[in-house]
Structure formats: C-alpha cells, structure tokens
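# Structure at a glance
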Amino acid sequence: MARRERWQQLPPGMRDLLADESARARAVTGRILSCMRRWGYREVVTPTIEYFDTLVRGEGTEAGDRLFKLVDRGGELLALRPEMTTPVARLVTTHLRGRPLPLRLAYAGQVFRGSETGSGRLREFPQVGCELIGADTLEADAEIVALAVDALAASGAAECSVSLGHVGFLRGMLEGLGLPEEGALEARALLYQKDFVGLRAVLDRAGAPAARGEALTALPGLRGPQAIREARRLADTAESRRVLRDLETLIGILETYGVGGGVKVDLSIIRDFDYYTGIVFEGHTAALGFPLLGGGRYDRLFEGFGAPHAATGFAVRVDRALAASAGGDGGGEAPDVAVAFADGARGEALRLARSLRQQDLSVTVEILGRPWDEVARGALAAGAPRAVLVTGSRAVVREADGRERSAALADLLRGGPGHGGGPCPS
Amino acid sequence: MPLVTVAVASGRLLDDSMRTLEAAGYLTAAAWRSTRRLILPCREPDVRVLIAKPGDLLTYVEHGAADLGIAGKDVLLEQGRDVYELVDLGFGACRGVVAFPEARAAEWESLSPIRIATKYPRVTERHFWGQGRPVEIIELRGTVELAPQVGLADGILDLVMTGRTLAANHLVEVAEVFRSTARLVVNRMSLRTRAEAVQAVVERMRAAAAARDPSSV
C-alpha cells in the first residue's frame with residue numbers, strides 16, 4: 001500500500017468545494033443575503049479571528065473549550081469565531097454605538113468549531129444569518145421568524161418548515177418544580193442533553209410531584225396545532241402561562257405575515273438555555289437529520305458588551321441547505337463557450353471572447369494550440385453548450401449535438417444567432 | 001420508501017430489542033430469527049428495521065438515516081450524541097465499573113497517575129477528571145480484562161453484567177461509574193418532520209417495554 005502522505009489529506013472536519021458545489025454555495029448565500037436585504041438587513045463583515053476574550057464574553061466560558069485557538073505575536077490568545085452573533089455584537093457596541101435602534105444586520109461567512117470530532121462533523125462551515133438588535137417586542141420576534149421562513153425558501157432547500165418554541169416555557173416548568181439548586185442544575189443539564197429518561201429519574205429522586213414529572217417528560221410530544229392548548233393544561237407557573245400567551249400572539253402575527261403555514265409550535269425545541277432568553281426556532285426539511293437553520297432571542301448577550309440591547313436573530317447553515325436542495329443551479333464546471341482560433345485570427349478571437357464575456361457568458365480561449373476538433377470535442381464532452389473556431393471574419397460554431405455551421409464573426413459579436421440566447425448564469 | 005426506520009444494535013442487545021419490537025407488533029419472530037438481512041420489513045408497510053453495529057448505531061440516528069434507535073446507555077454516555085433519549089426499555093441491564101487485580105486492589109486509592117484500559121475513553125476521562133485524579137487512558141476494542149494481567153494498565157473501566165468475567169480474570173470491582181440499560185433514542189428532526197409516525201412508534205415501544213418489564217419506563 002502506498003504511504004499516505006499528510007499533504008494529500010485535510011485536517012479532520014475540513015472540506016474542499018469543487019467548482020460545481022462552490023457555485024451552488026455562492027448562489028445560495030447570495031439568494032439568502034438578497035432576501036435579507038429586501039427586509040432591510042444590511043450585510044456587515046467581521047474578521048475570522050477575534051480575541052479569545054471577546055468570544056468568551058459572548059458565548060460563556062464553557063464555550064472556550066470548543067474554540068479553535070491560536071497565540072498572537074505578543075502572546076495574546078486569539079480564536080476563530082465559532083458563530084457570528086458575538087462578533088456582530090462586538091461590532092454593534094463599538095462601531096455602531098449610539099446608532100438609532102433597531103439595527104438590522106446580516107452576515108455571511110465561515111465559522112469554526114475546534115472540538116467537533118467524529119461522525120463527519122465539520123469544524124469549518126459557512127453560515128448566513130441576520131440579527132435584529134434593540135427591539136424586545138413580539139413584533140420583532142415575528143419579523144425574524146417570518147424572515148427565517150423567507151430565507152429558507154430562498155435557500156432552495158425542499159419542503160422546509162420552521163418549528164417555534166420558547167425557552168421560558170421549559171424554564172418556568174423547571175422552576176415550578178421547586179427543586180433544590182443542585183437538582184435544578186442537573187435537571188437543566190439533562191434537558192439540554194435531551195435525556196428524558198435521566199430527567200425523569202432526577203425528578204423522581206428529588207421528590208417532584210409525579211404529575212409534574214409526567215408533564216415535563218411529555219414535552220417531546222408537545223407540538224403541532226394542539227401544542228399550546230395541551231401545554232396550557234400542563235403549565236402551572238405564571239412564567240409558563242405568560243410564555244404560552246406570547247406564543248399564541250406571535251402565531252397570530254405570523255399568520256398575518258402569511259407564513260403561518262410554514263411555522264409550527266414545538267415546545268420540545270431545546271437550545272442553549274444560558275444563551276437564549278425567549279423564543280427559539282429551528283428550520284428543517286424532511287431530507288435532513290439536522291436542522292439547517294437555528295435562532296432565537298438572546299437578550300443577555302449584549303450585557304457582556306456593556307450595552308443592554310434586546311436582540312433576536314438566526315443563522316442558516318449553507319452546507320446543510322445545499323445538502324437539502326436538489327442541485328441544479330451550479331452552472332456546471334464547463335464554460336458557456338469554448339473559443340479556438342486559426343493562425344492569425346487571435347485578435348478576432350479575443351474580441352469575440354471579450355464581447356461574449358460582456359454578455360455575462362463564461363468563455364475560455366484555447367491556450368494549448370490544439371487542433372480545432374480536439375478542442376471542440378473536449379469542451380462539448382465537459383458540458384459546454386458550444387465551441388467556436390474563429391478563422392478571421394468568419395467562424396465555425398459547433399453545437400452540443402455535434403453539428404457545425406458557419407457564421408459571420410460580426411453576427412456573433414452582436415450576439416446574433418446562437419449566442420446571447422444561451423442560458424445566462426444567474 | 002418506508003416512513004420510519006428503527007435501528008437496532010447487533011450484539012448483546014439484539015435479541016431483547018427484537019423481542020420488544022415483536023411485542024410492539026412491528027416484527028414477527030420469523031422475520032428476524034431466520035434471516036441474515038440487515039434491513040427487515042415490518043408488519044406495517046411504513047416501518048422498517050435496520051441492524052447496525054452497536055458502535056455505529058447512534059451515527060445512523062444522529063444523521064437521520066434512522067429515525068429511532070435502541071442503544072445502550074453506556075454507548076450514549078460514551079458518544080455524547082445529539083439525539084433525544086425518550087424511553088428506558090429496561091433490558092440489557094449492566095453496570096460500568098472500575099476493576100483492579102485482586103492483588104493490587106489496595107493500591108487503587110493511592111495510585112497516581114492511574115492507568116486505565118477501557119472501551120470507554122470519554123466516560124473514563126470524565127469520571128476521573130470529575131474526581132480530580134490524573135488518569136492515563138489506554139483505549140482497547142475488547143477483552144479489556146487482559147490489560148492489567150499483562151501490565152498494560154493498572155485497572156480497567158468496563159461493563160459488568162454478572163461479574164463472572166471479572167472473577168475469572170482475578171479482578172475485583174473497586175468503583176461503580178454508571179448503570180446502563182437499553183434506551184429508545186430519536187433523531188431530533190424526525191420528531192418534528194415525521195412527528196405522528198415517530199411518536200406512534202415511541203408510544204408502542206414504551207407500552208411493549210412496560211409490559212415486558214413493569215419496573216422500567
């Protein structure tokens with residue numbers, strides 16, 4: 001067996017994108033950003049690397065373990081951003097300090113998770129997302145959820161829907177149990193791990209009333225049209241009841257937005273309690289075992305940056321959106337036109353190439369001096385719709401079906417028959 | 001394509017898993033006893049059962065290649081996957097323990113660092129870190145009991161059911177780390193995108209497990 005050289009491999013969790021996939025990723029990212037722009041969200045760009053302290057300030061000290069870290073020349077600890085919300089919060093509380101609120105910001109970029117290992121988990125992946133900062137209203141929650149539905153549709157992933165929950169419901173239920181502090185922490189941790197068997201055991205051990213234990217462990221079934229009514233039966237704290245009222249109002253607003261059909265209440269959604277403070281939601285598609293969108297309200301994050309802004313937002317995982325969409329818009333790896341030229345016709349050929357490029361077609365010009373037939377066969381076999389041999393004031397056009405015809409160069413330059421009508425890559 | 005896929009681990013949990021699926025009305029005895037197939041059709045056309053290696057089972061469920069799975073708590077603890085753990089099915093009971101050679105059991109408290117051979121490196125790390133004890137972990141695939149006898153490790157962290165294997169290898173239990181039974185786990189998206197069909201399987205499995213072993217669930 002040949003020795004496996006390290007340079008031929010990628011570090012675990014890293015990926016290359018070839019032309020087709022890269023084009024699709026860029027198209028998806030572009031469509032989602034355009035969608036956000038139409039809702040008034042302007043794109044900002046932050047650096048890949050931040051101070052470790054900045055990131056930990058936003059994400060909590062435990063998050064420090066899963067960061068990709070590096071040491072700067074002066075010995076300062078740096079880290080690659082694991083998501084974009086914290087860098088955006090830093091940007092908002094520095095560059096944009098004092099700006100009128102609310103702020104609507106969007107971003108697209110690569111994020112990094114140092115500790116993800118095994119089972120094909122990526123340690124670098126692309127995210128597109130948005131943040132709505134400085135609004136704590138249900139109107140703001142509704143806008144961000146409606147935009148999430150829109151962004152999912154723009155991503156091209158098939159049959160998407162959004163599940164909407166609220167961390168306050170779970171928190172209220174847990175508090176209602178009146179567990180001693182240690183038990184409460186353990187119960188929270190188990191809930192976060194989605195270990196309902198363990199949760200039930202802790203509640204029983206702590207002497208929580210059986211009915212309440214029952215209610216909490218029934219959570220994974222609380223979804224769909226009946227969820228709120230069902231939950232109201234279980235909710236016995238003021239906090240939980242307030243949350244349910246809010247969710248009901250929110251669903252009402254979303255129906256007015258016209259996206260009610262794409263949003264389902266799902267109180268079993270469990271995302272990081274310490275980070276989220278209100279609604280939480282996930283976007284998913286039947287084709288994928290992971291959510292491709294996640295978000296919610298995070299009113300406490302900004303406290304770490306000295307500005308008590310309420311905020312809500314979400315991010316789309318572009319790689320998962322790609323995996324869940326049918327392909328198609330990649331444009332392939334072949335050019336739209338392959339141009340070759342006869343001796344002495346370089347000037348005409350380059351003029352044609354320039355003209356076609358101005359029409360937004362991708363054009364390659366033969367640079368190896370191969371015979372026309374070889375160039376044309378190669379290009380058509382790779383998927384190019386046509387090849388052109390420029391002989392001077394005239395040219396030979398070979399179509400995908402192999403037929404050749406002669407055309408005046410002047411016609412081709414004007415985008416005449418056979419050109420300009422081709423598929424224009426979006 | 002069937003709507004709901006249930007993954008079952010080959011190995012020590014296989015028979016009880018199949019019996020529970022049988023009791024829940026999904027499989028006939030003939031369907032699983034007399035076949036080498038890895039994907040078994042069920043009595044209901046919208047459910048199928050697949051058989052995976054115990055170590056791979058949670059990968060199928062986490063990625064959504066299977067909607068539900070039957071996994072030992074030991075594997076759940078070791079792999080820490082992002083799945084919903086919904087039902088204690090009660091069977092496959094065993095314990096994770098630290099065991100030492102009889103002759104050296106007295107040293108267990110004082111050894112530092114302690115060298116532990118195990119199939120559960122993450123559980124071992126968490127356990128000893130939690131106690132603030134430095135540990136050197138030697139990861140093995142099986143027959144962990146061998147390691148202390150040939151000087152590869154001081155002790156082991158492994159599953160015990162009856163304790164006979166420990167005794168046969170002159171090992172004694174010095175600490176219990178966890179208790180394990182089979183658990184019904186569910187992919188986090190399946191709970192949403194195929195809620196009704198998946199929830200139906202969960203409830204029927206819960207009822208079947210309770211009927212077989214009323215102390216579980």
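Everything in this summary refers to the structure shown in the same document. In this text the structure is predicted, and so the values were computed from the model without any measurement.

## Describing the overall build of chain A
When its secondary structure is counted, chain A shows 14 helices and 16 strands. Taking 426 residues into account, the globule formula puts the C-alpha radius of gyration at 22 Å, and chain A, at 28 Å, lies well above it. In terms of overall dimensions, chain A has a C-alpha envelope of 90 × 55 × 55 Å along the principal axes. Looking at chain A residue by residue over its 426 residues, the buried ones come to 52%. Of the contacts made within chain A by residues no fewer than 6 positions apart, 67% connect residues no fewer than 24 positions apart. Working note: accessible area of chain A is about 20300 Å², and carbon and sulfur atoms make up 51% of it. When the 53 positive and 55 negative side-chain charges of chain A are each reduced to one mean point, those points stand 3 Å apart.

## Things to note about the sheet that holds strand S8 (residues 263-265) of chain A
All names here are of chain A. Read across the sheet, eight strands follow the order S1-S5-S6-S11-S10-S9-S7-S8 without closing on themselves; strand pairing throughout is mixed. Only two strands of the sheet have a single partner each, and these edge strands are strand S1 (42-43) and S8. As judged from the seven bridges shared by strand S7 (residues 160-166) and strand S9 (residues 279-285), these two strands associate in the antiparallel manner. Within S9, the residue paired with Ser161 across the bridge is His284. Sheet strands touched by helix H3 (residues 85-94): strand S5 (103-112) and strand S6 (124-133). Its angle to S5, the strand with the most contacts, is close to 135°. Each of S7 and S9 is contacted by helix H5 (residues 167-176), which is oriented at about 35° to S7, the strand it contacts most.

## Notes on the interface of chain B and chain A
Opposite the 23 residues of chain B that make contact, chain A presents 24 residues. The three residues of chain B that bury the most area against chain A are Tyr84(B), Met189(B) and Arg192(B), which together make up 32% of that side's buried surface. Connecting chain B to chain A are six salt bridges. For the salt bridge of Glu62(B) with Arg121(A), the shortest nitrogen-to-oxygen distance reads 2.3 Å. Taken together, the connections running from chain B to chain A amount to eleven residue pairs in polar contact (both at pLDDT 80 or more). Elements represented by at least two residues in the side of chain B that touches chain A include exactly helix H3 (57-62), strand S5 (83-88), strand S11 (182-187), helix H8 (190-193) and helix H9 (195-212) of chain B. Per element, the largest residue contribution to the side of chain B that touches chain A is six residues, and it comes from S5(B). Looking at the side of chain B that touches chain A residue by residue, the classes come out as seven nonpolar, six polar and ten charged.

Parameters and conventions
- Residues numbered from 1 in each chain as written.
- Chains lettered and ligands numbered in written order.
- Predicted model: local features only at pLDDT ≥ 70, side-chain atom pairs only at ≥ 80, totals over all residues.
- Heavy atoms only, no water.
- Helix = DSSP H or I, 4+ residues; strand = E, 2+ residues; numbered from the N terminus.
- Rg over C-alpha atoms; globule rule 2.2 N^0.38 Å.
- Buried < 20%, exposed > 50% of the residue type's maximum accessible area, 1.4 Å probe, protein only.
- Contact = heavy atoms within 4.5 Å.
- Areas by Shrake-Rupley, 256 points an atom, 1.4 Å probe, with all protein chains shown as cover.
- Lys, Arg positive; Asp, Glu negative; His and termini not counted.
- Charge placed at Lys NZ, Arg CZ, Asp CG, Glu CD.
- Pairing = 2+ DSSP bridges.
- Axes fitted to C-alpha atoms, helices over the stretch in contact; angles between N-to-C directions.
- Buried area = accessible area lost by both parts, 1.4 Å probe.
- Salt bridge = Lys/Arg side-chain N within 4 Å of Asp/Glu carboxyl O.
- Polar contact = N/O pair within 3.5 Å; in protein donor to acceptor, adjacent residues only side chain to side chain.
- Nonpolar A, V, L, I, M, F, W, Y, C, P; charged D, E, K, R; others polar.

Don't take any of this as a statement about function, it's just geometry.
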